[in-house]
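Remarks on the overall topology
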Amino acid sequence: MPEISEKDLAAAVKDGKLAPVYLLYGEEPYLKHTYSTRIINSAVTDFADFNLHRFDTNVNIDDLVAAVDAMPMMSERTCVIVRDCNFGNLSDKEAESLCTLINEPNDSCVLVFLYENTELPNKSAKSKQIVSALKQKAHCVNFAKRTERELVDAAIRRAARLKINFQPSTARYLISRCGDDLENLLTEVDKLCDYVGREGIITQKEIDAVADPVLSAEVFRMTDAVAQGDYNRAAAILGDLLK
């Protein structure tokens, strides 16, 4: 199965048309967490204590197989989440069992391999074998780091829910102050929305008053000011950092 887009995954989750196996990975942690949660909520509609199973890095493959094969309890499906599994640590027998699980999925279970805190393992031959099986059989979504344009669009959409006027140039200013982490950016937008109120306007003035600047972003702004010869602005930024 080739990689699918975030848009395709969102549509499948919304319609409840889930694949039996997913691989979620990439550099954007907020989106990986968000979509894994959406998959769980779509797959498991009742009796989560019985129908939702979670495994972490050092997963016992026999327990994983048993969870995937378990019958749903008064629900259409079960869901099994495997977080940050290091395939290279598996024995040959465990790796074979896992490949079988991937290649012959249980249609009454949604199995999700989520790489939330680590990169997709691909160094050992065993890891490459299992990742290859996932890339062939699973619906794979690579949540790449958002571009500045995508971050601007996300911030504006967030504010638009409350009919708040948030211009692209102002959104870019917020990103320059708060960095390019999507989760942090949306948190700052929510704070600004609370500050200006429904149908309000977010300007640089509100951002300077409310938003919490990220050190790395402020240092970048300061060095950029120095590079442009704007030493007064650089000194002002440094002064803010030292407060």
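Scroll up for the structure.
The notes below deal with the structure included here. Worth saying up front: this structure is predicted, and the values here are computed from it rather than measured.

**Let's talk about the side chain of Arg83**
Within the secondary structure layout, Arg83 lies in strand β3 (residues 78-83). On the basis of relative accessibility, which here comes to 17%, the residue Arg83 falls in the buried class. A polar contact of 2.7 Å, which involves the side chain of Arg83, links it to the side chain of Glu116.

**Things to note about the sheet that holds β3**
What links the strands of a sheet is backbone hydrogen bonding, and the strands pair in either a parallel or an antiparallel sense. Ordered by their spatial adjacency, five strands build an open sheet running β2-β3-β4-β1-β5, and the pairing between neighbours is parallel. Of all the strands in the sheet, just β2 (52-55) and β5 (139-143) have a single pairing partner and so form its edges. Recorded for the sheet is a direction-independent mean angle of 15 degrees between the axes of neighbouring strands. Here strand β1 (residues 21-26) pairs with strand β4 (residues 109-114) via four bridges, running parallel. The residue of β4 that forms the bridge with Val21 is Leu111.

**Let's talk about the nonpolar core**
Core analysis: the biggest nonpolar cluster contains 44 residues, and Leu9, Tyr22, Leu24, Ile39, Cys79, Val112 and Leu174 have the highest contact counts within it. In terms of residue count, the dominant contributor to this core is helix α9 (residues 182-196) (six residues). If near-sequence neighbours (up to four positions away) are discounted, Leu174 is found in contact with Phe166, Gly179, Leu185, Glu188, Val189, Leu192, Ile207 and Ala211.

**A closer look at the pattern of salt bridges**
Per the counting criterion, the structure on display carries eleven salt bridges. Across the pair Asp56 and Arg83 runs a salt bridge whose closest N-O atoms are separated by 3.8 Å. With Asp56 in the loop between β2 and α4 (61-69) and Arg83 in strand β3, this pair connects stretches of sequence that are 27 residues apart. Given a relative accessible area of 49%, Asp56 falls into the partly exposed group. Across the pair Asp212 and Lys191 runs a salt bridge whose closest N-O atoms are separated by 2.8 Å. Residue Asp212 is located in the loop between α10 (204-210) and α11 (215-227), and its partner Lys191 is located in helix α9; the two are separated by 21 residues in the primary sequence. Since its relative accessible area comes to 45%, Asp212 is described here as partly exposed. Here Lys191 falls in the partly exposed class, since its relative accessible area comes to 26%.

**Describing unusual backbone geometry**
Unlike most non-glycine residues, Phe47 shows phi in positive territory, near 50 degrees. With respect to the secondary-structure elements, Phe47 resides in the loop between α2 (29-43) and α3 (48-51). Positive phi, normally seen in glycine, also occurs at Lys163, with a value near 55 degrees. The residue Lys163 is located in the loop between α7 (148-160) and α8 (168-178) in this model.

Scoring rules and cut-offs
Residues numbered from 1 in each chain as written. Predicted model: local features only at pLDDT ≥ 70, side-chain atom pairs only at ≥ 80, totals over all residues. Heavy atoms only, no water. Helix = DSSP H or I, 4+ residues; strand = E, 2+ residues; numbered from the N terminus. Buried < 20%, exposed > 50% of the residue type's maximum accessible area, 1.4 Å probe, protein only. Polar contact = N/O pair within 3.5 Å; in protein donor to acceptor, adjacent residues only side chain to side chain. Pairing = 2+ DSSP bridges. Axes fitted to C-alpha atoms, helices over the stretch in contact; angles between N-to-C directions. Core = buried A, V, L, I, M, F, W, Y, C linked by side-chain atoms within 4.5 Å. Contact = heavy atoms within 4.5 Å. Salt bridge = Lys/Arg side-chain N within 4 Å of Asp/Glu carboxyl O.

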